[in-house]
Amino acid sequence: MIFFQDTLKLGKHARGAYEITELIKDVIRESGVQTGTCHLFLHSSTSSLVLCDTADESTKISTKDFMAELAPSSINAEGNLKKSMEAMPENLRGMSAQNEITIPVSNSRQGIGVWQGIFFWEEKTSPIERKLTVTIMGEALHKSFRLTSS
Amino acid sequence: MVHQQQLRFSTRGRGTYNISQQVDEVISKSGIKTGICQVFIHHTSASLILCENADPTVRTDLETFMKRLVPDGDNMFKHKDEGDDDMPAHIRTVLTESTLSIPIENGKECLGLWQGIYLWEHRTSPFKRNITVTVMGE
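Residues numbered from 1 in each chain as written. Chains lettered and ligands numbered in written order. Predicted model: local features only at pLDDT ≥ 70, side-chain atom pairs only at ≥ 80, totals over all residues. Heavy atoms only, no water.

Here's the deal with the overall build of chain A
Okay, step 1: Scanning chain A for helices and strands turns up 4 helices and 8 strands.
Okay, step 2: Written out in order from the N terminus, the α and β elements of chain A read β-β-α-β-β-α-α-α-β-β-β-β.
Okay, step 3: Counting the 150 residues in chain A, one finds 48% classified as buried.
Okay, step 4: Within chain A, contacts between residues at least 6 apart in sequence are counted, and of these 85% link residues at least 24 apart.
Okay, step 5: Accessible surface, chain A: about 7500 Å² in total, of which carbon and sulfur atoms supply 53%. (Helix = DSSP H or I, 4+ residues; strand = E, 2+ residues; numbered from the N terminus. Buried < 20%, exposed > 50% of the residue type's maximum accessible area, 1.4 Å probe, protein only. Contact = heavy atoms within 4.5 Å. Areas by Shrake-Rupley, 256 points an atom, 1.4 Å probe, with all protein chains shown as cover.)

As structure tokens, this is what we get:
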């Protein structure tokens, strides 16, 4: 059983969904794990990880619209609320989705569905640097090495 | 030690399906006594939940709640090509789980007495759903 961990910098992004499937594929390849699991952990409570349909762009837009309705940003429309209150809608949406997910690793690849993609979902309107820790566990084809970088 | 297996389920349309026994069979087959069992669904319009298994009306009420929270055919949705129930199915999936990790104790899934693992089909028509079960431990 081997463990491989890497922390990736996702950069600063405006509100929206960004696909990170390829990025994760590279980390899995680097880990040398053939069969196991891959855990993704986002160091944030105002952004989230979503497994979403990759076939139609409108799926992402409709999901975003639904979340916007569920926790509207206009909650701070009065303009006199404290900063902590302003962050509330993003926190609520962060909570409704997930900031950690585990996917299977099969045949040295991510074992996800044909139409499934892994998306990083930024909720904040003002961009913040985001970090993602990827931990891969499992059995390897060949002897691997442990690595942690930031 | 790692054991991985694919399971395939045929759903009869929107509703919940108890898959606890099939997951437990994979654990038994693995021979692992202590560890973690990870269940992953390969779809974006069906999901996984841990739910009460005693009274089926709990799951009927969950369905009623979701129907109210994410109405089929809502005008707000832009993704309409695959039917009124498709976009709500994607949102229901985001709001629930695509992946669950369950502890393994004494070679069995260590669930609460009234807990069950359910596949929640969100589409109204029947589908074939793939699930990967990965068992890790000693």
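The discussion continues.
Thoughts on the interface of chain B and chain A
Okay, step 1: On the chain A side, the residues contacting the 29 residues of chain B number 37 residues.
Okay, step 2: Taken as a group, F40(B), M76(B) and V94(B) account for 21% of the area that chain B buries against chain A, more than any other trio of residues on that side.
Okay, step 3: Remark: the boundary between chain B and chain A carries 1 salt bridge.
Okay, step 4: Linking chain B with chain A are 17 residue pairs in polar contact (both at pLDDT 80 or more).
Okay, step 5: If you list the elements that add at least two residues to the side of chain B that touches chain A, you get strand 1 (2–10), strand 3 (35–41), helix 3 (86–95), strand 5 (99–105) and strand 8 (128–137) of chain B.
Okay, step 6: A total of 5 residues in the side of chain B that touches chain A trace back to one element, the largest contributor, which is helix 3 of chain B.
Okay, step 7: Across the side of chain B that touches chain A, the residue classes tally to 13 nonpolar, 13 polar and 3 charged. (Buried area = accessible area lost by both parts, 1.4 Å probe. Salt bridge = Lys/Arg side-chain N within 4 Å of Asp/Glu carboxyl O. Polar contact = N/O pair within 3.5 Å; in protein donor to acceptor, adjacent residues only side chain to side chain. Nonpolar A, V, L, I, M, F, W, Y, C, P; charged D, E, K, R; others polar.)

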